[in-house]
Amino acid sequence: MTNRDAERHERAGRVPTETAANRFRIGILGSTMSDPLGDAARSRLTAAAIHTLEREGYDVHRPESSAEPPAIATRGAESVSVEPLASDDIDPTTVASRLGHAASRDRRALFVVGSAATERRLRELLSAPVLVVDERDGRRRFHSGPDRIPVQGGGYACVHVEGPFTPEIRWRETDTPIGPVPAAPGIDPTAMDGTARPTVPRLLCEVDGEVVAVLAGVESLRMPPASAFPFSYARNASDKRFRVRRGHDGRVIDDFAGFAAMREAGYVPLPMPLVPEHVLGELVEPLADGPEGHWELVRIVEDG
């Protein structure tokens, strides 16, 4: 989970509105303050939410731990995590981690944002299909997450690219290729359903449009074999240098004094795709059916 900034707060009011189409309420918070980015914005957003929650009869406390949200509100058996989101916070990893953190503690997440554009982006992320780029015919395209992919034998998956530019890395599910592909224990990659589709979708990793790895479904991301990827890298415990190994035979082909030197040579770690069920667990299905009960959204509007 991401750490949260503990903020001090100021006050603001709210004029409530409703949106029946999405089956959860939106509070429009009125404020005379500016809308700066970063910590100041999160502080202001939190303050507005706290003021509203206190008016509605919630008891609000502000945890000292940065592992918790800046405020937690309770009313009877109900518990709410106050999650302020500045415009730069609206990315799949941040939203998924905040939502998962709240759910793991039996709280609803109260997302607080400061603009219509930020609100729209948040709604898009949390609308079905939840936290994925898109879904077609039961096959999904994923966002890239912040984590690396650990491989069997130690180290992490990587690829080699030419030039100084950051490559475009995409993860998606598909029905091809048919037949054996690298799979986690207990997964049969050759099984087919009644329509001649593989029971377990293939998970493809594409770098700048070229397929560089194929796995038997998202569960095979849990410690896949190094041979499933073009290369892997690991830091040697003795001399602290980074060794790059070729995937298909494990041979060391490059050696670097540090990560920066490795990256300058064109080796790029592959990011773990953000798989909703891996981040949110059983909460994915209720979210896919509708957000009511798991999260709410409030938006601040500036006085004219």
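All values reported here derive from a predicted model rather than from experimental measurement. (Residues numbered from 1 in each chain as written. Predicted model: local features only at pLDDT ≥ 70, side-chain atom pairs only at ≥ 80, totals over all residues. Heavy atoms only, no water.)

Trainee: Help me out: how do you make sense of the overall build of the chain in this one?
Mentor: Summing up its helical and strand segments, the chain has six helices and 18 strands in all. Taking all 304 residues of the chain together, 48% fall into the buried category. When contacts within the chain are restricted to residue pairs at least 6 apart in sequence, long-range pairs at least 24 apart make up 64% of them. Within the structure as shown, the chain displays about 14900 Å² of accessible surface, and the carbon and sulfur contribution to it stands at 49%. (Helix = DSSP H or I, 4+ residues; strand = E, 2+ residues; numbered from the N terminus. Buried < 20%, exposed > 50% of the residue type's maximum accessible area, 1.4 Å probe, protein only. Contact = heavy atoms within 4.5 Å. Areas by Shrake-Rupley, 256 points an atom, 1.4 Å probe, with all protein chains shown as cover.)

Trainee: Explain the pairing of strand 4 (residues 71-75) to me, please; I cannot follow it from the model alone.
Mentor: Two faces, one strand: in a regular strand the side chains alternate between the faces of the sheet. Bridge analysis of strand 3 (residues 59-61) against strand 4 gives three bridges, and the strand direction is antiparallel. The residue of strand 4 that forms the bridge with Val 60 is Ala 73. In this sheet, strand 5 (residues 78-84) lies alongside strand 4 in antiparallel orientation, the contact comprising five bridges. Looking at strand 5, one finds that Ala 71 is bridged to Val 82. Two successive antiparallel strands, strand 4 and strand 5, enclose a turn made up of two residues, where Gly 76 displays a positive phi of approximately 65 degrees. (Pairing = 2+ DSSP bridges.)

Trainee: Would you take a moment to explain the sheet that holds strand 15 (residues 252-256) for this structure?
Mentor: Across a sheet, paired strands are connected by hydrogen bonds in the backbone, their directions being either parallel or antiparallel. Reading across the sheet, the five strands line up as 15-14-13-9-16 and stay open at both edges, with antiparallel pairing between neighbours. Either end of the sheet is taken by a strand with one partner, and the two such strands are strand 15 and strand 16 (267-269). With direction set aside, neighbouring strand axes in the sheet form an average angle of 35 degrees. Pairing geometry for strand 13 (residues 231-235) and strand 14 (residues 242-246), over five bridges, is antiparallel. By the bridge assignment for strand 14, Phe 231 is matched with Arg 246. (Axes fitted to C-alpha atoms, helices over the stretch in contact; angles between N-to-C directions.)

Trainee: How should I be thinking about unusual backbone geometry in this particular structure?
Mentor: One can expect most non-glycine residues to show negative phi and most peptide bonds to be in trans. Cis peptide bonds are those with omega within 30 degrees of zero, and the linkage from Ala 128 to Pro 129 qualifies with 0 degrees. With respect to the secondary-structure elements, Pro 129 resides in the loop between helix 3 (116-126) and strand 7 (134-136). Residue Pro 177 follows Thr 176 across a cis peptide bond; omega there is 5 degrees. Here Pro 177 lies in the loop between strand 10 (169-174) and strand 11 (202-207). For Leu 131, which is not glycine, the phi dihedral falls at a positive 60 degrees. One can find Leu 131 in the loop between helix 3 and strand 7. Assessed through its relative accessible area of 1%, Leu 131 is described here as buried. With phi around 70 degrees, Ala 196 is a residue other than glycine that occupies positive phi space. The residue Ala 196 is located in the loop between strand 10 and strand 11 in this model.

Trainee: Please explain helix 3 as it appears in this structure.
Mentor: Every buried residue of helix 3 is accounted for by Thr 118, Glu 119, Leu 122, Arg 123, Leu 125 and Leu 126. One side of helix 3 carries all its buried residues, which in axial view fall inside an arc of 160 degrees. (Arc of directions from axis to C-beta.)

Trainee: I tried to follow the pattern of salt bridges on my own but got confused; where do I start?
Mentor: Think of it this way: side chains of opposite charge can pair up when their charged atoms draw near. Summed over all chains, the structure comprises 22 salt bridges. Close ionic contact of Glu 68 with Arg 105 constitutes a salt bridge, the shortest N to O distance being 3.2 Å. Of this pair, Glu 68 sits in the loop between strand 3 and strand 4 while Arg 105 is found in the loop between helix 2 (92-104) and strand 6 (108-113), placing the two residues 37 residues apart along the sequence. Relative accessible area serves as the criterion here: at 38%, Arg 105 is assigned to the partly exposed category. The partner of Arg 172 in a salt bridge is Glu 206, with the nearest N and O atoms 3.0 Å apart. In this pair, Arg 172 sits in strand 10 while Glu 206 sits in strand 11, placing the two residues 34 residues apart along the sequence. (Salt bridge = Lys/Arg side-chain N within 4 Å of Asp/Glu carboxyl O.)

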